[in-house]
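Each chain, written out:
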Amino acid sequence: MSLRHALLGLLSERPASGYDLLKRFDTSLANVWPATQSQIYTELTKLAGTGLITVAAEGPRGRKEYALTDEGLIELRHWLTETKPQRTTRSDVLLRVFFLGVLEPEQGRAYLADLAGQSAEAHDELRALADSIDWDDDDLSVHGRIALEYGLRFHEMRREWAAWAAGQLK
């Protein structure tokens, strides 16, 4: 996934300013695809330059509200249907697990316990986020809940796995 497609997806729901998109990232996509304010504004400029979005309105202090163009919707749909997701092939977490044998068993167990704690903390953060959102029936809410559930299940699985793995160390 790219920031480009994340922004096109958010704008498919409704027009928004860069600030609005940053806030929507924080409450919806931050755990899937984090982005900084400067990355978002840079990408919005590029998207407008290619005609995938347009400046629909301008307000005080240079505030711009962006809207998806027909070409932007075509690009988003093409990405969703024609472009295969990249398979994640690198995992810093699992690379470290693979080499835990060079540590004392207590150090390996401590690493795995820390990983379990991080996963539990991430799960709790996602749960709090889920509880704080006023969900409705729009597409972003429905699909956002589905993506959030993935994150909840992933972190719970990783916590359980880390506890199991710690028990496997000699």
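Up top is the structure these notes are about.
Chemist: What is the right way to read the nonpolar core from this model?
Modeler: Side chains that are nonpolar tend, in soluble globular proteins, to be buried together. Membership of the largest hydrophobic core comes to 19 residues, with the highest contact counts inside it found for Leu 7, Leu 11, Leu 21, Phe 25, Ile 40, Leu 44 and Ile 53. Contributions of two or more residues to this core are made by helix H1 (3-13), helix H2 (18-29) and helix H3 (37-50). Sorting elements by how many residues they give to this core places H1 first, with 6 residues. If we skip the residues at most four places from it in the chain, Leu 21 touches Leu 7, Leu 10, Leu 11, Ala 16, Ile 40 and Leu 44. Within the second largest apolar cluster, 5 residues are counted, among which are Leu 129, Ala 130, Leu 148 and Leu 152.

Chemist: Before we go on, may I ask you to explain the pairing of strand E3 (residues 64-68) in this structure?
Modeler: Looking at chain direction, strand E1 (residues 16-17) and E3 are connected through 2 bridges and run antiparallel. Bridged to Ser 17 within E3 is Glu 65. Sheet topology places strand E2 (residues 53-58) next to E3; 5 bridges connect them, and they run antiparallel. Looking at E3, one finds that Ile 53 is bridged to Leu 68.

Chemist: How do you make sense of the packing of H1 against H3 when you look at a structure like this?
Modeler: Any two packed helices are characterised by how steeply their axes cross, that is the angle between the axes, and by the distance between the axes. Close contact between H1 and H3 brings their axes to 10 Å; oriented N to C, the two are set at 80°. Classified by the angle their axes make, H1 and H3 are roughly perpendicular. On H3, the residues that touch Leu 3, Arg 4, Leu 7, Leu 8 and Leu 11 of H1 are Gln 39, Ile 40, Glu 43, Leu 44, Leu 47 and Thr 50. Each residue belonging to the contact of H1 with H3 can be placed in one class, and the counts come to 7 nonpolar, 2 polar and 2 charged.

Chemist: Explain the packing of H2 against H3 here, please?
Modeler: Orientation of H2 relative to H3, taken along the N-to-C sense of each, is 130°, at an axis distance of 10 Å. Comparing their axes, H3 and H2 come out oblique. Considering how the two elements wind past one another, H2 and H3 form a crossing that is right-handed. Of the residues in H3, those touching H2 at Gly 18, Tyr 19, Leu 21, Leu 22 and Phe 25 are Gln 37, Ile 40, Tyr 41 and Leu 44. Here the residues of the contact of H2 with H3 sort into 7 nonpolar, 2 polar and no charged.

Chemist: Explain the packing of aromatic side chains here, please?
Modeler: Two measures describe an aromatic ring pair: the distance that separates the ring centres and the angle between the ring planes. Within the structure shown, the criterion is met by 2 aromatic pairs. Summarising the aromatic geometry, the rings of Phe 98 and Phe 99 are spaced 5.2 Å apart at their centres and angled 85° between planes, so their arrangement reads as edge-to-face. What makes Phe 98 exposed here is its relative accessible area of 66%. Here the aromatic rings of Tyr 150 and Phe 154 are separated by 6.4 Å at their centres, their planes lie at 10°, and the arrangement is stacked. Of the two residues, Tyr 150 and Phe 154 both sit in helix H7 (residues 139-168), 4 residues apart, roughly one turn of that helix. A residue is classified by how much of its surface remains accessible, and Tyr 150, at 62% relative accessible area, is exposed.

Chemist: Teacher, can you tell me more about the environment of Leu 8 here?
Modeler: Within the fold, Leu 8 resides in helix H1. Leu 8 sits 50 residues away from Glu 58 along the chain, and the two C-alpha atoms are 19 Å apart. Residues contacting Leu 8, with those up to four places away along its chain left out, are Leu 47, Leu 52, Ile 53, Leu 68, Gly 72, Glu 75 and Leu 76.

Chemist: Could you clarify how one ought to interpret a nonpolar patch on the surface in this entry?
Modeler: Residues Leu 95, Phe 98, Phe 99, Val 102 and Leu 103 make up a contiguous nonpolar surface patch of about 560 Å² in total accessible area. If you trace the backbone, Leu 95 turns up in helix H5 (residues 92-98).

Chemist: I tried to follow the pattern of salt bridges on my own but got confused; where do I start?
Modeler: Side-chain pairs of opposite charge can arise whenever the charged atoms involved come near each other. For the coordinates displayed, the defined rule picks out 6 salt bridges. When the shortest N-O distance is used, the salt bridge between Asp 92 and Arg 96 registers 3.1 Å. Taken together, the residues span about one helical turn, with Asp 92 and Arg 96 both in helix H5 at a distance of 4 residues. The partly exposed category is assigned to Arg 96, whose relative accessible area is 46%. Two residues, Arg 153 and Glu 149, come together in a salt bridge whose shortest N-O distance is 2.8 Å. Of this pair, Arg 153 and Glu 149 both sit in helix H7, separated by 4 residues, roughly a single helical turn.

Definitions and limits used
Residues numbered from 1 in each chain as written. Predicted model: local features only at pLDDT ≥ 70, side-chain atom pairs only at ≥ 80, totals over all residues. Heavy atoms only, no water. Core = buried A, V, L, I, M, F, W, Y, C linked by side-chain atoms within 4.5 Å. Buried < 20%, exposed > 50% of the residue type's maximum accessible area, 1.4 Å probe, protein only. Helix = DSSP H or I, 4+ residues; strand = E, 2+ residues; numbered from the N terminus. Contact = heavy atoms within 4.5 Å. Pairing = 2+ DSSP bridges. Axes fitted to C-alpha atoms, helices over the stretch in contact; angles between N-to-C directions. Parallel < 35°, antiparallel > 145°, perpendicular 65-115°, else oblique. Nonpolar A, V, L, I, M, F, W, Y, C, P; charged D, E, K, R; others polar. Left-handed = near helix turned anticlockwise from the far one by under 90°. Phe/Tyr/Trp six-rings, centres within 6.5 Å; stacked < 30°, edge-to-face > 60°. Patch = residues over 30% accessible without salt bridge, like charges linked within 9 Å, V, L, I, M, F, W, Y side chains within 5 Å. Areas by Shrake-Rupley, 256 points an atom, 1.4 Å probe, with all protein chains shown as cover. Salt bridge = Lys/Arg side-chain N within 4 Å of Asp/Glu carboxyl O.

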